[in-house]
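Letter by letter, the chains look like this.
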Amino acid sequence: MKGVLFDLDGVIADTSVYHFQAWRKLIKDHFNRDLPDELEKQTKGVSRKDSLTAILNYLDIKVSDADFQEMTDEKNKVFRELLASLTPQNILPGISDLISQFKQHDVKLSLASASLNGPYILEKLQLNSVFDAIADPSKVAAGKPAPDIFLAAASAINVDPKDCVGIEDSIAGIKAINKAGALSVGVGAKNELSEAKLLFPDTSALNYDQIESAWEE
Ligand code: B16
Ligand code: MG
């Protein structure tokens, strides 16, 4: 195990709450409609545009390309406002310890987030200097569940994806890690993340030794 490819939202920090809060506000303001909780998992891990497409499909609403663009910009504005209050206290339980363990074992850290706000969020969490690389989601051809962002994250630390583990909370993300050829470590419920090679119920349960054992199998 030479590299770890970290998802951000839902693994390092629970910014997913803010994402969905921002989508809810946008849809309420534009169409006076409410979004059900179950829609959240369809927007997890997928890009901003793919999230809005899923939401509009669900609501059976069509918008012009110009309105679509404006809506994604507006959602991001609301999301950035919510991020302003983010501090290192928003790092999810167990993550700081896990990061230290990887560092102690000379495993390189690379960020494989679909979020264009990744560098800003890491900065707010005071984690930017901890990462060896951040893959740029605007430079990859296809978003999760395509493997591209994980391949880019592995390449950014000069490690073969087969020598990496990927940690994810989304269905799309686990599929992407598996396709990239890295070992998939899921954080979440078994019925959702059944394709993960190793699963932990939440971030506080993440354990370096168990990840390393799964790696050696
Ligand atoms: P942005 P991850 C993903 O982050 C979020 O889970 C997803 O809800 C969001 O739409 C996507 O980032 C894009 O984020 O609008 O900030 O570019 O889980 O891949 O770290
Ligand atoms: Mg995520």
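On a predicted model such as this, the values are computed, not experimentally measured, just so you know.

Here we come to the confidence of the model for the chain. Confidence in the prediction for the chain averages 96 pLDDT; 100% of positions are at 70 or higher. Across the predicted assembly, pTM comes out at 0.93 and ipTM at 0.95.

With that settled, consider unusual backbone geometry. Looking along the chain, the bond that leaves Lys 144 and enters Pro 145 is cis, with omega of 15°. Looking at the secondary structure, you find Pro 145 in the loop between strand E3 (133–134) and helix H7 (148–156). Residue Gln 126 is not a glycine yet carries a positive backbone phi of 60°. Examined against the element boundaries, Gln 126 turns out to sit in the loop between helix H6 (118–124) and E3.

What follows deals with the site of ligand 1. By nearness alone, 19 residues border ligand 1, and Asp 9, Arg 48, Ser 113, Ser 115 and Asn 117 come closest of all. A distance of 2.7 Å separates an oxygen atom of ligand 1 from a polar atom in the side chain of Ser 113. Within the side chain of Asn 117, one N or O atom sits 2.7 Å away from an oxygen atom of ligand 1. Look at ligand 1: alone it shows 470 Å² of surface, and the protein chains cover 99% of it. Looking at the shell around ligand 1, its residues break down into five nonpolar, eight polar and six charged.

As for its position among the elements, Asp 7 is in the loop between strand E1 (3–6) and helix H1 (16–31). Given a relative accessible area of 3%, Asp 7 falls into the buried group. Taking the C-alpha atoms as reference, Asp 7 lies 21 Å from Glu 38; in sequence the two are 31 residues apart. Polar side-chain contacts of Asp 7 include one of 3.0 Å to the side chain of Lys 144.

Glancing now at the coordination of the magnesium ion (ligand 2). On the protein side, the magnesium ion (ligand 2) has Asp 7 (OD), Asp 9 (O) and Asp 169 (OD) as donor atoms, found 2.0 to 2.2 Å from it. All donors of the magnesium ion (ligand 2) belong to a single chain; written as a sequence motif, their spacing is D-x1-D-x159-D. Of the two residues, Asp 9 sits in the loop between E1 and H1 while Asp 169 sits in the loop between strand E4 (164–168) and helix H8 (171–180), which places them 160 residues apart along the sequence. Across the pair, exposure class does not vary: Asp 9 and Asp 169 are buried alike.

With parallel pairing, the six strands of this open sheet are ordered in space as E3-E2-E1-E4-E5-E6. Every interior strand has two partners, whereas the edge strands, E3 and strand E6 (198–200), have only one. Strand direction decides the pairing type here: E4 and strand E5 (residues 183–187), joined by four bridges, are parallel. Bridge assignment links Gly 166 to a residue of E5, and that residue is Ser 184. Those strands touched by helix H5 (residues 95–104) are E1, strand E2 (108–111) and E4, and its axis lies near 155° from that of E1. Docked against the sheet, helix H9 (residues 208–216) engages E4, E5 and E6, running at close to 165° with respect to E6.

Let us look at the nonpolar core. Of all hydrophobic cores here, the largest spans 39 residues; its most connected members are Phe 6, Ile 12, Phe 102, Ile 167, Val 185, Leu 206 and Ile 211. The contacts of Phe 102, once residues within four sequence positions are left out, are Met 1, Val 4, Phe 6, Val 107, Leu 109, Val 165, Ile 167, Tyr 208 and Ile 211. Counting 16 residues, the second-largest nonpolar core is a separate cluster that includes Val 140, Val 159, Ile 177 and Ala 182.

Quick look at the packing of aromatic side chains now. What the rule picks out here adds up to three aromatic pairs. Look at Phe 6 and Phe 102: their rings are 6.1 Å apart centre to centre, the planes differ by 90°, and that puts the pair in the edge-to-face class. Of this pair, Phe 6 sits in strand E1 while Phe 102 sits in helix H5; the two residues are 96 residues apart in sequence, bridging distant segments of the chain. Note on Phe 6: relative accessible area 0%, which makes it buried. Aromatic pair Phe 6 and Phe 131: ring centres 5.9 Å apart, planes at 75°, arrangement edge-to-face. In this pair, Phe 6 is assigned in strand E1 and Phe 131 in the loop between H6 and E3, connecting sequence segments 125 residues apart. Each member of the pair, Phe 6 as well as Phe 131, is classed as buried. Ring-pair connections join several aromatic residues into one group, and the members of that group are Phe 6, Phe 102, Phe 131 and Tyr 208. The lysine or arginine in question, Lys 75, covers the ring of Phe 79, its NZ or CZ lying 4.6 Å from the ring centre.

Conventions and cut-offs
- Residues numbered from 1 in each chain as written.
- Chains lettered and ligands numbered in written order.
- Predicted model: local features only at pLDDT ≥ 70, side-chain atom pairs only at ≥ 80, totals over all residues.
- Heavy atoms only, no water.
- pLDDT = per-residue confidence, 0-100.
- Helix = DSSP H or I, 4+ residues; strand = E, 2+ residues; numbered from the N terminus.
- Near = heavy atom within 4 Å.
- Polar contact = N/O pair within 3.5 Å; in protein donor to acceptor, adjacent residues only side chain to side chain.
- Areas by Shrake-Rupley, 256 points an atom, 1.4 Å probe, with all protein chains shown as cover.
- Nonpolar A, V, L, I, M, F, W, Y, C, P; charged D, E, K, R; others polar.
- Buried < 20%, exposed > 50% of the residue type's maximum accessible area, 1.4 Å probe, protein only.
- Donors = N, O, S within 2.8 Å, 3.2 Å for Na, K, Ca; no water.
- Pairing = 2+ DSSP bridges.
- Contact = heavy atoms within 4.5 Å.
- Axes fitted to C-alpha atoms, helices over the stretch in contact; angles between N-to-C directions.
- Core = buried A, V, L, I, M, F, W, Y, C linked by side-chain atoms within 4.5 Å.
- Phe/Tyr/Trp six-rings, centres within 6.5 Å; stacked < 30°, edge-to-face > 60°.
- Lys NZ or Arg CZ within 6 Å of the ring centre and 35° of its normal.

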